[in-house]
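Letter by letter, the chains look like this.
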Amino acid sequence: MAKKAANVRKKFWSVVRKAAKQMPIIEDVVAAYYCAFDPETPVKVRLTLIGALAYFVLPLDAIPDMIFGLGFADDIALLTYVIKTVHGNITDKHRLRAKQAMAEHDVHVER
């Protein structure tokens, strides 16, 4: 799991920049990222989120992310399910940090 966590940290922002225009839940994904690496988050929740985020950032998945319009469909489905499952652990602190980090990383959400 430590290797997955390291891969998530290393690749997260480059994938978020690519996905932002195609993923309506990107703000929730970024908040989930901060929840996953918050030591106050229960271990089981952290492991669940890191697993889902690893699927999101790693290049091998069911639908290649390069396919515009479809590429992130499987990621959205998995992340939506996981985020809904652990939503009580994603706090206002995580959401605020996500908004700040998205601004710092120049990630814009199209509505």
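Look up a bit, the structure's there.
Here is a short report on the structure shown in this document.

Cut-off values and rules
Residues numbered from 1 in each chain as written. Predicted model: local features only at pLDDT ≥ 70, side-chain atom pairs only at ≥ 80, totals over all residues. Heavy atoms only, no water. Patch = residues over 30% accessible without salt bridge, like charges linked within 9 Å, V, L, I, M, F, W, Y side chains within 5 Å. Areas by Shrake-Rupley, 256 points an atom, 1.4 Å probe, with all protein chains shown as cover. Salt bridge = Lys/Arg side-chain N within 4 Å of Asp/Glu carboxyl O. Helix = DSSP H or I, 4+ residues; strand = E, 2+ residues; numbered from the N terminus. Buried < 20%, exposed > 50% of the residue type's maximum accessible area, 1.4 Å probe, protein only. Contact = heavy atoms within 4.5 Å. Axes fitted to C-alpha atoms, helices over the stretch in contact; angles between N-to-C directions. Parallel < 35°, antiparallel > 145°, perpendicular 65-115°, else oblique. Left-handed = near helix turned anticlockwise from the far one by under 90°. Nonpolar A, V, L, I, M, F, W, Y, C, P; charged D, E, K, R; others polar.

1. Focus on a nonpolar patch on the surface
Side chains of Met1, Val43 and Leu47 sit close together on the surface and give an oily, nonpolar patch of about 270 Å² of accessible area. Looking at where Leu47 falls in the secondary structure, it is placed in helix 3 (residues 43-57).

2. Regarding the pattern of salt bridges
All chains considered together, the criterion is met by five salt bridges. For Glu27, the salt bridge identified is with Lys99, shortest N-O distance 3.1 Å. A residue pair is termed long-range when its members are at least 10 positions apart, and Glu27 in helix 2 (residues 26-36) and Lys99 in helix 5 (residues 92-104) qualify at 72 residues. Taking the shortest distance from any N to any O, the salt bridge between Arg97 and Glu104 comes out at 3.4 Å. Take Arg97: its relative accessible area is 29%, and that puts it in the partly exposed class. Taking the relative accessible area as the measure of exposure, Glu104 reaches 55% and is therefore exposed. Each of Asp38, Glu40 and Lys93 takes part in a single network of salt bridges with overlapping partners.

3. Describing the environment of Val57
Position of Val57 relative to the elements: it lies in helix 3. The class of Val57 is buried, set by a relative accessible area of 6%. When residues no more than four places from it in sequence are discounted, the contact partners of Val57 are Asn7, Val8, Lys11, Phe12 and Val15.

4. Re unusual backbone geometry
One non-glycine residue, Asp106, lies in the positive phi region at around 55°. The topology assignment puts Asp106 in the segment after helix 5.

5. As for the packing of helix 1 (residues 2-19) against helix 3
Running from amino to carboxyl end, helix 1 crosses helix 3 at an angle of 55°, the nearest separation of the two axes being 8 Å. When the axis of helix 1 is compared with that of helix 3, the two are oblique. Our pair here, helix 1 against helix 3, has a crossing hand that is left-handed. Touching Lys4, Ala5, Asn7, Val8, Lys11, Phe12, Val15, Val16 and Ala19 of helix 1 are Ile50, Leu53, Ala54, Phe56 and Val57, all from helix 3. Looking at the contact of helix 1 with helix 3 residue by residue, the class counts come to eleven nonpolar, one polar and two charged.

6. Side note on the packing of helix 2 against helix 5
Between helix 2 and helix 5, the least distance of the axes is 8 Å, while the angle of their chain directions is 115°. Classed by the angle they form, the pair helix 2 and helix 5 counts as roughly perpendicular. For the element pair helix 2 and helix 5, the recorded crossing hand is right-handed. Taking contact as the criterion, the partners of Ile26, Glu27, Asp28, Val30, Ala31, Tyr34 and Cys35 in helix 2 are, on helix 5, His94, Arg95, Arg97, Ala98, Lys99, Ala101 and Met102. A breakdown of the residues in the contact of helix 2 with helix 5 according to their chemical character gives eight nonpolar, one polar and five charged.

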